[in-house]
Amino acid sequence: MSTVICVENLSKKYIIGHQKQERYTALRDVLTDGAKRFTHKLIHPFAAPSNDPTHEEFWALKDVSFDIQQGDRVGIIGRNGAGKSTLLKILSRITEPTSGKVSIKGRVASLLEVGTGFHPELSGRENIFLNGAILGMSKAEIKSKFDEIVAFAEVEKFLDTPVKRYSSGMYVRLAFAVAAHLEPEILIVDEVLAVGDAQFQKKCLGKMEEAGKEGRTVLFVSHNLSAISQLCSTAILLEQGRVRLTGDVRKIIDLHLSNDVVDRSDVNDISGCTNRHGNMEARFESIDIQDQNKLGRTTFSIGENINICFKVSISEKIIGQTVKLAVQLRTSDGINLCNMTDVDSHFQLSRTSESEVVTVKLSDVRWYPGIYYISLWAGSVDSKETYDAIADCGKFEIIGGGQLTSRHLPRNVGLVFLTPEWQRDNHT
Amino acid sequence: MLNQNVLVIEAGRSERHYWRDLWRYRELFFFLAWRDILVRYKQTVIGILWALGRPLLTMLVFTLVFSKLAKLPSGGVPYPILVFAALLPWQFFSSAFSGAGESLVSNAGMISKVYFPRLVIPASAVIVAFVDFLISVIILVGLMIWYGFAPNLRMLTLPLFIFVAFAAAMGTGLWFAALNVKYRDFRIIVPFVVQFGLYISPVGFSSSIVPEKWRLLYSINPMVGVIDGFRWAILGGNTRLYWPGFMLSLFLVGLILVTGIIYFRKTEKTFADVI
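What you see is a predicted model, and the numbers here were worked out from it, not measured in a lab. (Residues numbered from 1 in each chain as written. Chains lettered and ligands numbered in written order. Predicted model: local features only at pLDDT ≥ 70, side-chain atom pairs only at ≥ 80, totals over all residues.)

K.L.:
How should I be thinking about the domain arrangement of chain A in this particular structure?
P.N.:
Reports of interface size often rely on the accessible area that becomes lost once the parts have come together. Residue and element names in this part refer to chain A. By domain assignment, chain A separates into domain 1 (59–258) and domain 2 (268–413). At the junction of the two partners, domain 1 supplies 11 residues and domain 2 supplies 11 residues. Those elements giving two or more residues to the side of domain 1 that touches domain 2 turn out to be α6 (198–213), α7 (225–231) and α8 (249–258). Of the residues contributing to the side of domain 1 that touches domain 2, the split by class is seven nonpolar, three polar and one charged. (Domains from an automatic or database assignment. Contact = placed C-beta atoms within 7 Å. Helix = DSSP H or I, 4+ residues; strand = E, 2+ residues; numbered from the N terminus. Nonpolar A, V, L, I, M, F, W, Y, C, P; charged D, E, K, R; others polar.)

In structure tokens, the structure reads:
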């Protein structure tokens, strides 16, 4: 084993403009800004040069250091904006670091996008050559792999058709096929598996696994944690441009998940929600989704516990009466998954104070990866009156890659993940 | 992993391998040029017809305006040939220059996703213009046969002047390509430069009509030297080259090319960040 990538104190700074909407500067703006500053100088000759508040430094990466050994398959994990893409861009030499050093041994191919440089007017055949050259293959290399690429992409019949007439699936397959036949010592891959249908994704993952088995080093960035846990042995967790942790992929994915307290307001206030009906004798005020440690979170892996907490206020009119509650879950494709009522779990709620907080604990959740929506209902014991009913007032996501399985679980093959007992019955 | 080169990425480090990399990526350079040429002639139904028609029509109009209406002297050469000998380098320059200027922005996707020496892109844009140039040469040959005009041995020096035209187009193209990435409104200036350049370059007339005392000043426009050189090589006979002016143009072309490369190289690292 030898170190093939050595990253030392790598940092990358961007200057971000706050007010400007454009991504690029216009000469017009540079000139008018200069003129403004100049007149400002004339009018207030002794004023200190003001720090431009519209520009701010942003460290996309800060003192990142790690080593990668030959043959490692490394996943890079982190939230949006954690610096994953910047890291890959530096490693693939698209952009320069602000400071720090990277040493790379061996030929690198980076795949930050499939189909870079594809031209819609050119035929599939022409695009294979063009794209191969862009990715760094020589003409001879492309020629020798041409048939393999075409077979992998399954586009034999359409080789001489301009790719603008391809279906999006064919386009993506062709683009990935070219990239998959690169044979570098180090392969850097970004989120490209988010394309194509499930079957093709599987094929791509297989191809990348193969690359790893052949002793190539693979660096892989993806939001698809199940793909990462399937493909990679180690992982690097990035947080706000710094390396939080490196090590075994399972541990890091778990840490990443338990850290996921992102982009959610503390408790989801639904008191102002208008998408509801009922006579409002009881009224849902807020909903919160938590993990088993009572920490708010919206992403779970299979096998975890999910707590659905909600606050319901009960008017004095129905004092002494029992309020019947129900929680319904549906999948993102509209299938009603379950309708859970308090009665079935032998729970009863009646008014003791103005508002009550109820927690519904789901343990060992076994649904396939996807987004699930929560609807709440409250009504009278005989179900004749609806006090309050709100559809889709909360959601959570189940993702792959937990403790139970690292298998890719496409939603179209199942809904419930079961691990029944399997046994062999020998006929004698 | 014994005899493998270790690639080191560091701030300001990319310089060292640049020219070697450029050589390694020569195939990409040809592929990009090939793509652009292919697309150019695939997209327009009248592809080649357009490449031939545009200079031909320009030549006709210029001959009409400058020879028939303005009655400018041609120095004993058929006026259409006089015009066309200048139109060749001028059209090559203008389309190479505007093509190269636009090239980086129109290939933004590639620049932000893949590494390669960025110089490849404007260079291949210049090659595309050169293919048009070669097609136009056919017209020149046709014209010469039509007028029974035989060139002399000076014709052999033409590649030299083509090379100067290349350098001029590449130098200005690099400047504009790099500036265009940084200041996106630079593209507005390009058509103006092309149009303005046509008036201040001796395309429709011979530069011999410029008073002797102004000739050197006139040669500050580097295309004057290039065009005069083309005429000198193609028309032969009693065409004379104004050497001080030509040397000045040559020097300026060299200066633009060198500074163009330096500026391009300096800004190249940030292209992916701002494009």
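Now that the structure has been shown, we can carry on.
K.L.:
Would you explain the nonpolar core in this entry?
P.N.:
As a rule of thumb, soluble globular proteins bury nonpolar side chains together. In this structure, Phe220, Ile228 and Ala235 of chain A together with Val126, Ala165 and Ala169 of chain B are the most contacted members of the largest nonpolar core, which totals 177 residues. At 16 residues, helix α4 (residues 79–106) of chain B tops the list of elements feeding residues into this core. Both domains that meet at this core, namely domain 1 (59–258) and domain 2 (268–413) of chain A, each give it at least three residues. Aside from chain neighbours lying at most four places away, what touches Phe220 of chain A is Arg73, Val74, Gly75, Ile76, Val189, Ile228, Leu231 and Cys232 of chain A. (Core = buried A, V, L, I, M, F, W, Y, C linked by C-beta atoms within 7 Å. Buried ≥ 20, exposed ≤ 12 C-beta atoms within 10 Å, placed from the backbone.)

K.L.:
Would you explain the interface of chain A and chain B in this entry?
P.N.:
Every contact between the two is made by 40 residues of chain A and, on the other side, 32 residues of chain B. Looking at the side of chain A that touches chain B, the elements that each hand over two or more residues are α1 (27–43), α2 (84–91), β4 (99–105) and α3 (124–134) of chain A. Here the side of chain A that touches chain B gets six residues from one element, more than from any other, and that element is β4 of chain A. With five bridges joining them, β4 of chain A and strand β1 (residues 6–10) of chain B adopt antiparallel strand pairing. From the neighbouring strand, Lys101 of chain A faces β1 of chain B, where its bridge partner is Glu10 of chain B. (Pairing = 2+ DSSP bridges.)

K.L.:
What's the story with α3 of chain A in this structure? I'm lost.
P.N.:
Side chains of residues three or four places apart in an α-helix project in the same direction, reflecting 3.6 residues per turn. The buried count for α3 of chain A comes to 10 of 11 residues, which makes it a mostly enclosed element. For α3 of chain A, every residue scored as buried is listed here: Gly124, Glu126, Asn127, Ile128, Phe129, Leu130, Asn131, Gly132, Ala133 and Ile134 of chain A.

K.L.:
Would you take a moment to explain the pairing of strand β15 (residues 322–331) of chain A for this structure?
P.N.:
On a regular strand, one side chain projects to one face of the sheet and the next to the other, so that they alternate. Residues and elements named next belong to chain A. Judged from the two bridges that link them, β15 and strand β17 (residues 349–350) form a sheet pairing that is antiparallel. From the neighbouring strand, Val323 faces β17, where its bridge partner is Leu349. Here β15 runs beside strand β19 (residues 370–380); their pairing, made up of nine bridges, is antiparallel. Bridge pairing in β19 links Val323 to Ser380. Across five bridges, β15 lies against strand β16 (residues 336–341) in antiparallel orientation. Directly across from Ala326, in β16, lies its bridge partner Thr341.

K.L.:
What am I meant to see in the sheet that holds strand β12 (residues 282–290) of chain A here?
P.N.:
Paired through their backbone hydrogen bonds, the strands of a sheet run either parallel or antiparallel. Residue and element names in this part refer to chain A. The sheet built from four strands is open, its strands ordered β10-β12-β14-β18 with antiparallel pairing. Across the chains shown, the open sheet's two edge strands, defined by having one partner strand only, are β10 (268–269) and β18 (355–362). Here eight bridges tie β12 to strand β14 (residues 306–314), and the two strands are oriented antiparallel to one another. Bridge pairing in β14 links Asp288 to Cys309.

K.L.:
In this structure, what is going on with the pairing of strand β3 (residues 73–77) of chain A? I would like to understand it.
P.N.:
Residues and elements named next belong to chain A. Of all five residues in β3, five are buried; the element is thus mostly enclosed. Side chains of β3 alternate between two faces, with Arg73, Gly75 and Ile77 and Val74 and Ile76 buried alike. Inspection of the sheet shows β3 paired to strand β7 (residues 217–221) by four bridges, in the parallel sense. By the bridge assignment for β7, Arg73 is matched with Val218. Pairing geometry for β3 and strand β8 (residues 234–239), over four bridges, is parallel. Paired with Val74 across the strands is Thr234, a residue of β8.

K.L.:
What am I meant to see in the environment of Asp288 of chain A here?
P.N.:
On the secondary structure map, Asp288 of chain A appears in strand β12. On a C-alpha basis, the gap between Asp288 of chain A and Asn268 of chain A in space is 5.8 Å, while along the polypeptide they are 20 residues apart.

K.L.:
Can you walk me through the sheet that holds β7 of chain A in this structure?
P.N.:
Residues and elements named next belong to chain A. Ordered by their spatial adjacency, six strands build an open sheet running β5-β6-β7-β3-β8-β9, and the pairing between neighbours is mixed. Lying at the two open borders of the sheet, with one neighbouring strand each, are β5 (108–111) and β9 (242–248). Direction aside, the axes of adjacent strands within the sheet are offset by 15° on average. Each of β3, β5, β6 (186–190), β7 and β8 is contacted by α2, which is oriented at about 145° to β6, the strand it contacts most. (Axes fitted to C-alpha atoms, helices over the stretch in contact; angles between N-to-C directions.)

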